[in-house]
Structure formats: C-alpha cells, structure tokens
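Structural characterization, general
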Amino acid sequence: YYGVANVAWELDIWGRIRRSSEAARADMLASDAVRRGVVLSLVSSVAEKYFELRELDLELEIAHATVASFTETLDIFQRQFEGGVASRLDALRTQAALAQAAASIPDLERRVFAKENELSLLLGRPPAEVPRGMALVDQWLPPEVPVGVPSDLLARRPDLVEVEQRLVQRPFARCSGV
C-alpha cells in the first residue's frame, strides 16, 4: 500500500484570509438586511392598501347615506311643489343632486373591487373579497414620534444596515482580490 499525504498551510501575515471571512460575513448581513427591507416594504404596502380599502368602504357608505337623504328630500320637495308651497326649481335641484350622488356609487364599487384585487395580489392569493376588521374611524392611531428622534432608530432601518455592511465588505474585497 502506498499513500501520499499533502499538507499545506498559509501564514496570514497581511490578514487576507481573515478579511475575506469578514467580507463574507458582511455580505451575509447585507443580504439579510435586504430581505428585512423587502418584508418591511411588503407589510407596509399591505397595511397602506388595507386602509385605502377601508377609506373606500367609508366613502361608499357615505354615498349610500347621501342617496337616501336626497331621496327623502326630493320626496319632501315634490310634495311641497304639488301642494303649491315650493317651486319646481327646488325639486329639480334636489333631483340633480340625487342623480349625481347615485352616479358616484358604481365608481366607488369598482374602486373597492380593484383595491381588493390589489390586496389579494400583495398577499399572494387569488382575487377575492377581503375580510374587513374594524371600521376606519375605530382604528387606533399610532403613537406620536417625539421631536429629536434618537439615532438608534436609524440603525434599525434595513436599507441603512445594508449600505453599512456593503461598505464594511468593500475594503476587505479589495485586499483579498475578490
């Protein structure tokens, strides 16, 4: 039996090997920051679209209430006109306002449908009706951000973490020939 063993090692006098492993770690941390940034962006887009949907729901509710109110008002003006108390102009104005309010409902319904589809797409689901939670006016408000925000908050931003890690990686990449 004949065996050959070859063992070699290299002195890391200038730190090339150490720096290449530090550069690899910085690259991994930068990639993780990019992933966190994408998740944060997706979550904020879903929240934004959901609140826009709730706003459209509220607008649609107001439009239906407006149509009901103008219908009652038109009925009152019609009766006053028939009784000779009011002019025909009041009834015609109310009828025009009723028609305008009723015309806004189909557009609002279309926009609600489109916003539901947009939300479903962001959530990775087929287009469907989005379940609703609390009404827009019942949602809690986020806390006020104090004046003079500490710089610690900036250190948590994924885009800034990524840039920082890319800067950490760059000098090491030059030294190691990467």
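Residues numbered from 1 in each chain as written. Predicted model: local features only at pLDDT ≥ 70, side-chain atom pairs only at ≥ 80, totals over all residues. Heavy atoms only, no water.

With that settled, the discussion passes to the nonpolar core. Counting residues in each nonpolar core, the largest one holds 16 residues, and the members touching the most others are Leu53, Val67, Ile105, Leu108 and Leu119. Sorting the residues of this core by element identifies helix H1 (16–82) and helix H2 (88–123) as the ones contributing at least two each. Here this core gets eight residues from one element, more than from any other, and that element is H1. The contact partners of Val67, leaving out residues within four places of it in the chain, are Leu98, Ala101, Ala102 and Ile105. (Core = buried A, V, L, I, M, F, W, Y, C linked by side-chain atoms within 4.5 Å. Buried < 20%, exposed > 50% of the residue type's maximum accessible area, 1.4 Å probe, protein only. Helix = DSSP H or I, 4+ residues; strand = E, 2+ residues; numbered from the N terminus. Contact = heavy atoms within 4.5 Å.)

Our focus in this paragraph is the side chain of Asp57. With respect to the helices and strands, the residue Asp57 is situated in helix H1. When near neighbours in sequence (up to four residues on either side) are disregarded, Asp57 contacts Val112 and Arg132.

This brings us to the environment of Ala86. When you line up the elements, Ala86 lands in the loop between H1 and H2. With relative accessibility at 16%, the residue Ala86 sits in the buried group. Measuring from C-alpha to C-alpha, the distance between Ala86 and Ile76 comes to 9.9 Å, with 10 residues separating the pair along the chain. When near neighbours in sequence (up to four residues on either side) are disregarded, Ala86 contacts Gln80 and Phe81.

Here we come to the side chain of Arg54. Relative to the elements of secondary structure, Arg54 occurs in helix H1. The class for Arg54 is buried, based on a relative accessible area of 10%. Those residues in contact with Arg54, other than ones at most four positions away along the chain, are Arg132, Gly133, Met134, Ala135 and Leu136.

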